[in-house]
Amino acid sequence: AYARSFEGFKGFSLSTSNAQHGVNLLGAWKYIQVLLWGPEVAYAPNVAANTIANYFYVAVPLLGIYLLSAIAPGLAVWQRFALVVSAILLIPQTSFDYKLAHLFLPFAAFVNADTNERDTRYYSIVFGLLLIPKHYFLILEDISAAVVLNPLLLLMLSLPLVRKAYRGFSERGFSGKTAPQ
């Protein structure tokens, strides 16, 4: 049923067109399929359609994890923004490079945050790498390295925040108050 709701995207999703400049996990997964099986198999209508249909079972739980993490106690404003923007970029079936402009909101909040966390350098580097154009390096015909690098960098930005959110929930619960000992 979910896959049928995207019938209009079928031809677009089954081709390399949406993988050329993608930022999402589906584009990266399709590229990995091309490397493993070759383009003839990876873009065969039955394989591509199954990939798209099964992506729903990855996308919905991941969306829940990211959005639940964004409301966790103990996260800074920029961290909440980064989780929401990561979900916006990583999860849809089509998400192109111009959407990386959404990263300026968490980046601006990060720069303006008064923080002394030890991870500041790490997040500065990841934000910087995300905002650098990467389409000068083609890895497969007309598909650039950004198709794999941008989702990987977004995961490097967001997964430590999900881990921090989990710790916040385990220490404080959903109320945000410290549990009595």
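Residues numbered from 1 in each chain as written. Predicted model: local features only at pLDDT ≥ 70, side-chain atom pairs only at ≥ 80, totals over all residues. Heavy atoms only, no water.

Engineer: Any chance you could break down the overall build of the protein chain for me, citing the residues and the numbers?
Structural biologist: Per the secondary structure count, the protein chain includes 8 helices and 2 strands. Sequence-ordered secondary structure for the protein chain, helices as α and strands as β, is α-α-α-α-α-α-α-β-β-α. Expressed as a percentage of its 181 residues, the buried residues of the protein chain come to 39%. Considering only residue pairs separated by 6 or more positions, the protein chain has 72% of its internal contacts joining residues 24 or more positions apart. Summed over its atoms, the accessible surface of the protein chain is roughly 10200 Å², and 66% of this surface lies on carbon and sulfur atoms. (Helix = DSSP H or I, 4+ residues; strand = E, 2+ residues; numbered from the N terminus. Buried < 20%, exposed > 50% of the residue type's maximum accessible area, 1.4 Å probe, protein only. Contact = heavy atoms within 4.5 Å. Areas by Shrake-Rupley, 256 points an atom, 1.4 Å probe, with all protein chains shown as cover.)

Engineer: Go over the side chain of Ser158, please, and point to the residues and values.
Structural biologist: Assignment of secondary structure puts Ser158 in helix H8 (residues 146–172). Separated by 2.8 Å, the side chain of Ser158 and the backbone oxygen of Leu154 make a polar contact. With residues up to four places along the chain from it excluded, the contact list for Ser158 reads Tyr66, Leu83, Ser86 and Leu90. (Polar contact = N/O pair within 3.5 Å; in protein donor to acceptor, adjacent residues only side chain to side chain.)

Engineer: Could you give me a rundown of helix H7 (residues 120–131), with the residues and numbers involved?
Structural biologist: Its 12 residues give H7 an end-to-end C-alpha distance of 17 Å, which sits within 8% of 16 Å, the value for a rise of 1.5 Å per residue. The set of residues buried in H7 consists of Tyr123, Val126, Phe127 and Leu130. All buried residues of H7 lie within an arc of 100° about the axis, which places them on one face of the element. Among the structural elements, helix H5 (77–90), helix H6 (104–112) and H8 are those in contact with the buried residues of H7. (Expected span 1.5 Å × (residues − 1). Arc of directions from axis to C-beta.)

Engineer: Describe in detail the packing of helix H2 (residues 25–37) against helix H4 (residues 45–70), supporting the description with residues and values.
Structural biologist: Put simply, H2 and H4 touch, their axes get as near as 11 Å, and they point 135° apart. On the basis of the axis angle, H2 is oblique to H4. By crossing handedness, the relation of H2 to H4 is classed as right-handed. Mapping the contact onto sequence places Leu25, Leu26, Trp29, Lys30, Gln33 and Trp37 in H2 and Val47, Thr51, Ile52, Tyr55 and Leu62 in H4. Class assignment of the residues belonging to the contact of H2 with H4 gives a composition of 8 nonpolar, 2 polar and 1 charged. (Axes fitted to C-alpha atoms, helices over the stretch in contact; angles between N-to-C directions. Parallel < 35°, antiparallel > 145°, perpendicular 65-115°, else oblique. Left-handed = near helix turned anticlockwise from the far one by under 90°. Nonpolar A, V, L, I, M, F, W, Y, C, P; charged D, E, K, R; others polar.)

Engineer: Hey, could you go over the nonpolar core for me, with residue numbers and the actual values?
Structural biologist: Within the largest apolar cluster, 34 residues are counted, with the highest numbers of intra-cluster contacts made by Trp78, Leu103, Leu130 and Leu157. Elements represented by at least two residues in this core include exactly H2, H4, H5, H6, H7 and H8. Residues contacting Leu157, with those up to four places away along its chain left out, are Ala82, Ser86, Leu103, Tyr123, Val126, Phe127 and Leu130. (Core = buried A, V, L, I, M, F, W, Y, C linked by side-chain atoms within 4.5 Å.)

Engineer: Could you give an account of the side chain of Asn150, naming the residues involved and the relevant values?
Structural biologist: Relative to the helices and strands, Asn150 is located in helix H8. For Asn150, a relative accessible area of 1% corresponds to the buried category. Of the polar contacts made by the side chain of Asn150, one reaches the side chain of Lys134; its length is 2.9 Å. In this structure, Asn150 is in contact with Val23, Asp97, Leu100, Leu130 and Lys134, ignoring residues within four places of it in sequence.

Engineer: How would you summarise a nonpolar patch on the surface if you had to cite specific residues and measurements?
Structural biologist: On the surface, a nonpolar cluster with roughly 500 Å² of combined accessible area is contributed by Trp29, Ile32, Leu36, Trp37 and Val41. Per-element accounting of the nonpolar patch gives the leading share, 4 residues, to H2. In this structure, Val41 sits in helix H3 (residues 39–42). (Patch = residues over 30% accessible without salt bridge, like charges linked within 9 Å, V, L, I, M, F, W, Y side chains within 5 Å. Salt bridge = Lys/Arg side-chain N within 4 Å of Asp/Glu carboxyl O.)

Engineer: Describe the packing of aromatic side chains, listing the residues and the values that go with them.
Structural biologist: Tallied over the entire structure, the rule returns 7 aromatic pairs. When the centroid spacing of 4.8 Å and the interplanar angle of 70° are considered together, the rings of Trp78 and Phe110 count as edge-to-face. Of this pair, Trp78 sits in helix H5 while Phe110 sits in helix H6; the two residues are 32 residues apart in sequence, bridging distant segments of the chain. Side by side, Trp78 and Phe110 carry an identical accessibility label, which is buried. Between Phe110 and Phe127, the ring centres sit 5.4 Å apart and the planes meet at 40°, which makes this aromatic pair tilted. (Phe/Tyr/Trp six-rings, centres within 6.5 Å; stacked < 30°, edge-to-face > 60°.)

Distances and angles like these do not, on their own, reveal function.
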